[in-house]
Amino acid sequence: MSAAFRKALKSRQREHKERSQPGFRRNLGLLEKKKDYKLRAEDHRKKQNTLNALRKKALDKNPDEFYYKMTSSKQQDGVHIIKQKPEEVTDEQAKLMRTQDIKYVEMKRVAEAKKIERLKSELHLLDKEGSQRNTHMFFCDSKKEVLRFDLAAQLKTAPELVNRVYNRPTLETLHKESVKGVATPQQLKQLA
């Protein structure tokens, strides 16, 4: 009966916890508990056992043993280095690589040409005469002004570019930058 009483007393006892790191030692980090030590010790033992097994394996190794990898590697300053064989390219392989390069370039050229055609097809109506009416309005005070009205001067562009529906650069832009597009160098000299 006394044994049962002892067990009942133990269940009512206060659980003793491990102490925490004292305040003046907080800069040293966490205080290692028993469970932390056990994990660290177990890991250390496992590493030591692995090293011992490898040492034993190295001692028991037969010096006359042969592996095929020995032909393709060598040991230099205690480090295994794999020998790289120079790649030998036959004439047939070289021809094949050249044709593949040419085919790749040709494929890219065709793809770019198709892209250019697609973009041009989207712009096919921009230069067409009469397809798009200009609705820009200019207001004049008198009939005299209407008779003297110069559209090129009002838009500050060359008279040859007035009929353009898009990309109508000003004279100032024409003097500053080189023109890209339909205008020829002779036309540009006439403008200047």
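Under the annotation held in an unreviewed UniProt entry, the protein carries the name Probable U3 small nucleolar RNA-associated protein 11 and is attributed to Xenopus tropicalis. The annotation that UniProt attaches to the protein under Subcellular location (unreviewed entry) is "Nucleus, Nucleolus". Quoted straight from UniProt, the Sequence similarities (unreviewed entry) entry for the protein says "Belongs to the UTP11 family."

The subject of this paragraph is the overall build of the protein. A count of helices and strands for the protein gives seven helices and two strands. The order of helices and strands in the protein, counted from the N terminus, is α-α-β-β-α-α-α-α-α. Out of the 192 residues in the protein, the part that is buried amounts to 7%. A separation of at least 24 residues holds for 13% of the contacts in the protein among residues at least 6 apart in sequence. Total accessible area computed for the protein in this model is approximately 19,300 Å², and 55% of it derives from carbon and sulfur atoms.

Confidence in the prediction of the protein, expressed as mean pLDDT, is 84, and 85% of residues score 70 or more. Of all secondary-structure elements in the protein, the lowest mean pLDDT belongs to helix H7 (residues 185-191), at 67, while helix H2 (residues 34-59) reaches the highest, 96.

Before going further, it helps to examine the pattern of salt bridges. According to the stated counting rule, one finds four salt bridges in the structure shown. The partner of Glu32 in a salt bridge is Arg40, and the shortest N-O contact between them spans 2.7 Å. Among the ionic pairs, Glu172 bridges to Lys176, the shortest N-O distance being 3.3 Å. Of this pair, Glu172 and Lys176 both sit in helix H6 (residues 171-176), separated by four residues, roughly a single helical turn. Assigned by exposure class, Glu172 and Lys176 land together as exposed.

Summarising the element assignment, Thr157 is placed in the loop between helix H5 (151-155) and H6. Taking relative accessible area as the criterion, Thr157 reaches 3% and is therefore assigned buried. At 2.7 Å, the side chain of Thr157 forms a polar contact with the backbone oxygen of Pro169. The contacts of Thr157, once residues within four sequence positions are left out, are Ala152, Val162, Arg168, Pro169, Thr170 and Leu171.

This next bit is on a nonpolar patch on the surface. On the surface, Phe66, Tyr67, Tyr68 and Met70 cluster together into a nonpolar patch covering about 500 Å² of accessible area. Its relative accessible area of 42% is what places Tyr67 among the partly exposed residues.

Counted according to the given criterion, the structure contains two aromatic pairs. On the basis of an interplanar angle of 75° and a centroid distance of 5.3 Å, the ring pair of Phe66 and Tyr68 is categorised as edge-to-face. In this structure Tyr68 comes out as exposed when scored by relative accessible area, which is 71%. Centre to centre, the rings of Phe138 and Phe149 are 5.3 Å apart; their planes meet at 45°, and the pair counts as tilted. Remark: Phe149 occurs in the loop between helix H4 (143-148) and H5 and Phe138 occurs in the loop between helix H3 (91-122) and H4; sequence separation between them is 11 residues. According to the relative accessible area criterion, Phe138 is partly exposed, its value standing at 28%.

Definitions and limits used
Residues numbered from 1 in each chain as written. Predicted model: local features only at pLDDT ≥ 70, side-chain atom pairs only at ≥ 80, totals over all residues. Heavy atoms only, no water. UniProt positions renumbered as here; feature names shortened; annotations may be inferred. Helix = DSSP H or I, 4+ residues; strand = E, 2+ residues; numbered from the N terminus. Buried < 20%, exposed > 50% of the residue type's maximum accessible area, 1.4 Å probe, protein only. Contact = heavy atoms within 4.5 Å. Areas by Shrake-Rupley, 256 points an atom, 1.4 Å probe, with all protein chains shown as cover. pLDDT = per-residue confidence, 0-100. Salt bridge = Lys/Arg side-chain N within 4 Å of Asp/Glu carboxyl O. Polar contact = N/O pair within 3.5 Å; in protein donor to acceptor, adjacent residues only side chain to side chain. Patch = residues over 30% accessible without salt bridge, like charges linked within 9 Å, V, L, I, M, F, W, Y side chains within 5 Å. Phe/Tyr/Trp six-rings, centres within 6.5 Å; stacked < 30°, edge-to-face > 60°.

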